[in-house]
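Structure assessment
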Amino acid sequence: LPKKIYGKEKREGLTIIAFDVPEQKRRRRDWLREHLTALGFSQLQKSVWAGKNRGVPQEFVKDLRAHRMLPYIHIFSVTKQGTIKEVR
């Protein structure tokens, strides 16, 4: 799959992207990781990425749809701090 340059989207909070792309679609999974890195996301786990003050450009979502990857991807936007506090 060709590499593309997307404009970065600013958004308050945290965007988390989790995915489970089947092994048969390894090239698409590699393409996804490459583009998430270029968009400024960081890997939390192998298939969980996060970007502070990052959104997902609409053109990127269109390409995910065109590559038939949307069924394997979940995008979450976290805009409020949680209520769990660390106990010392």
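Residues numbered from 1 in each chain as written. Predicted model: local features only at pLDDT ≥ 70, side-chain atom pairs only at ≥ 80, totals over all residues. Heavy atoms only, no water.

1. Some words on the environment of Arg28
Tracing the backbone through its elements, the reader meets Arg28 in helix α1 (residues 26-38). C-alpha of Arg28 to C-alpha of Met69: the two residues are 41 residues apart in sequence and 7.9 Å apart in space. Within the local environment of Arg28, its side chain forms a polar contact with the backbone oxygen of His67, the two atoms lying 2.7 Å apart. (Helix = DSSP H or I, 4+ residues; strand = E, 2+ residues; numbered from the N terminus. Polar contact = N/O pair within 3.5 Å; in protein donor to acceptor, adjacent residues only side chain to side chain.)

2. Side note on the sheet that holds strand β2 (residues 42-45)
One open sheet accounts for four strands, arranged β2-β3-β1-β4; its pairing is antiparallel. Edge positions in the sheet fall to β2 and β4 (73-78), since each has one partner strand and no second. Averaged over all neighbouring strand pairs, the angle between strand axes comes to 25°, with direction disregarded. Lying on the sheet, α1 is in contact with β1 (10-19), β2, β3 (48-54) and β4; it crosses β1 at an angle near 160°. (Pairing = 2+ DSSP bridges. Axes fitted to C-alpha atoms, helices over the stretch in contact; angles between N-to-C directions. Contact = heavy atoms within 4.5 Å.)

3. Side note on the nonpolar core
Membership of the largest hydrophobic core comes to 16 residues, with the highest contact counts inside it found for Phe19, Leu32, Leu36 and Phe60. When residues of this core are traced back to their parent elements, those giving at least two are β1, α1 and α2 (58-66). Setting aside its immediate chain neighbours within four residues, Phe60 contacts Tyr6, Trp31, Leu32, His35, Leu36 and Leu39. (Core = buried A, V, L, I, M, F, W, Y, C linked by side-chain atoms within 4.5 Å. Buried < 20%, exposed > 50% of the residue type's maximum accessible area, 1.4 Å probe, protein only.)

4. What to know about the pairing of β3
A regular strand places its side chains so that they alternate between the two faces of the sheet. Bridge analysis of β1 against β3 gives six bridges, and the strand direction is antiparallel. Note on β3: the bridge partner recorded for Leu14 is Lys52. Across three bridges, the pairing between β2 and β3 is antiparallel. Within β3, the position partnered with Ser42 by the bridge is Ala50. Counting the residues between successive antiparallel strands, the hairpin from β2 to β3 contains two residues.

5. Some remarks on the environment of His67
Among the secondary structure elements, His67 is positioned in the loop between α2 and β4. The buried category is assigned to His67, whose relative accessible area is 19%. Sequence separation of His67 and Arg28 is 39 residues, and the distance between their C-alpha atoms is 7.8 Å.

6. Focus on the pattern of salt bridges
Taken as a whole, this structure holds two salt bridges when the rule is applied. Glu23 is the salt-bridge partner of Arg26, the closest N and O atoms lying 2.9 Å from each other. Judged by relative accessible area, Glu23 falls into the partly exposed class, the value being 47%. Through salt bridges with shared partners, one network takes in Glu23, Arg26 and Arg29. (Salt bridge = Lys/Arg side-chain N within 4 Å of Asp/Glu carboxyl O.)

Fair warning: the whole summary comes from geometry, so function is off the table for now.
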